[in-house]
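What follows is each chain in one-letter form.
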Amino acid sequence: MLKLGVNIDHVATVREARYRGQTQGEPCPVEAVRITETAGAHGITAHLREDRRHIQDRDIWAIREAVTTRLNFEMANTAEMIDIATRLKPEAVCLVPENRAEVTTEGGLNVAGQIDAITATAQALGQAGIEVSLFIDPDPEQIEATARTGSPFIELHTGAFAEAYDDKAGRAAEIERLAKAAEQAKALGIGVNAGHGINYENVRALFAVPHLNELNIGHSIVSRAITVGLGQATGEMLEQMAGYDAG
Ligand code: PXP
């Protein structure tokens, strides 16, 4: 069965747009954990970014408390995040590159270019009982390098696939790249997850990629929730406003 990890970062993005610097506000990421798990999500993903633009430190601890499935903690390979992860004890960590100027995680990790640093982190997290995954482009060199770090999982970056989706030849080429990467990882004994830019329209095209364990999906699910929920939210506000007497 293909598993779904719901990335709830953008629930916090919406809250921070109104309540930045405050210690509470809506929408609440913990409520998002409860709702998505009740709906059948197999896991929850949250990314504590260095700039704390969406998920805050208090969120990640509250999310840890609330998650009853599996918590996949996305983080950059920094001393601060390694310290948090070893205390937080998520079921999984996905190491991602972080660049302050980016809107979201843009490219995969250059594992081959920082093999020693990533190996040390993968070993430290592995020893703490955390399953490590490296977020990489579907590139043979990066998969080979992942095997050398001892990381048990990769998360294949599906951003290029999502961008090429509307172009038939481009889509086919990206699917082929992802499929070859998944085959290579499988042959090396590495588990395969995938994520970034997956939405309701393109998700089934990924059925052509073998050996997938889990898809991590955030933006499209949070966006869809806004779209399908906006009518009800408007109706509930009108109910609250009913009965006003202007005197
Ligand atoms: N996987 C990783 C490693 C990511 O960095 C992101 C984006 O935060 C996602 C999955 C989810 O991407 P999207 O929000 O486009 O579904």
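Please refer to the structure higher up on the page.
The present account deals with the structure reproduced in this document. (Residues numbered from 1 in each chain as written. Predicted model: local features only at pLDDT ≥ 70, side-chain atom pairs only at ≥ 80, totals over all residues. Heavy atoms only, no water.)

Regarding the nonpolar core
Formed by 58 residues in total, the largest nonpolar core has its most connected members in Ile 8, Ile 63, Phe 73 and Leu 206. Per-element accounting of this core gives the leading share, five residues, to helix α8 (residues 168-187). Sequence-distant contacts of Ile 8, defined by excluding residues within four places in its chain, comprise Pro 29, Ala 32, Val 33, Ile 44, Thr 45, Ala 46, Ile 55 and Ile 63. (Core = buried A, V, L, I, M, F, W, Y, C linked by side-chain atoms within 4.5 Å. Buried < 20%, exposed > 50% of the residue type's maximum accessible area, 1.4 Å probe, protein only. Helix = DSSP H or I, 4+ residues; strand = E, 2+ residues; numbered from the N terminus. Contact = heavy atoms within 4.5 Å.)

Quick notes on a nonpolar patch on the surface
The grouping of Val 14, Ile 226 and Leu 230 at the surface amounts to a nonpolar patch, some 260 Å² of accessible area in total. You can see Val 14 is positioned in helix α1 (residues 9-19). You can call Val 14 partly exposed: its relative accessible area is 40%. (Patch = residues over 30% accessible without salt bridge, like charges linked within 9 Å, V, L, I, M, F, W, Y side chains within 5 Å. Areas by Shrake-Rupley, 256 points an atom, 1.4 Å probe, with all protein chains shown as cover. Salt bridge = Lys/Arg side-chain N within 4 Å of Asp/Glu carboxyl O.)

What about the pattern of salt bridges?
Tallying each qualifying case throughout the model produces twelve salt bridges. With a shortest N-O distance of 3.8 Å, Asp 51 and Arg 49 are connected by a salt bridge. Its relative accessible area of 2% is what places Arg 49 among the buried residues. Several salt bridges converge on common partners, so that one network encompasses Arg 15, Glu 16, Arg 20 and Asp 59.

Side note on unusual backbone geometry
As a rule of thumb, non-glycine residues mostly have phi less than zero, and peptide bonds are mostly trans rather than cis. Cis geometry marks the peptide bond from Glu 26 to Pro 27; its omega dihedral reads -5 degrees. Considering the arrangement of structural elements, one finds Pro 27 in the loop between α1 and α2 (29-38). Despite not being glycine, Lys 89 shows a phi value in the positive range, around 55 degrees. Tracing the backbone through its elements, the reader meets Lys 89 in the loop between α4 (79-88) and β4 (92-95).

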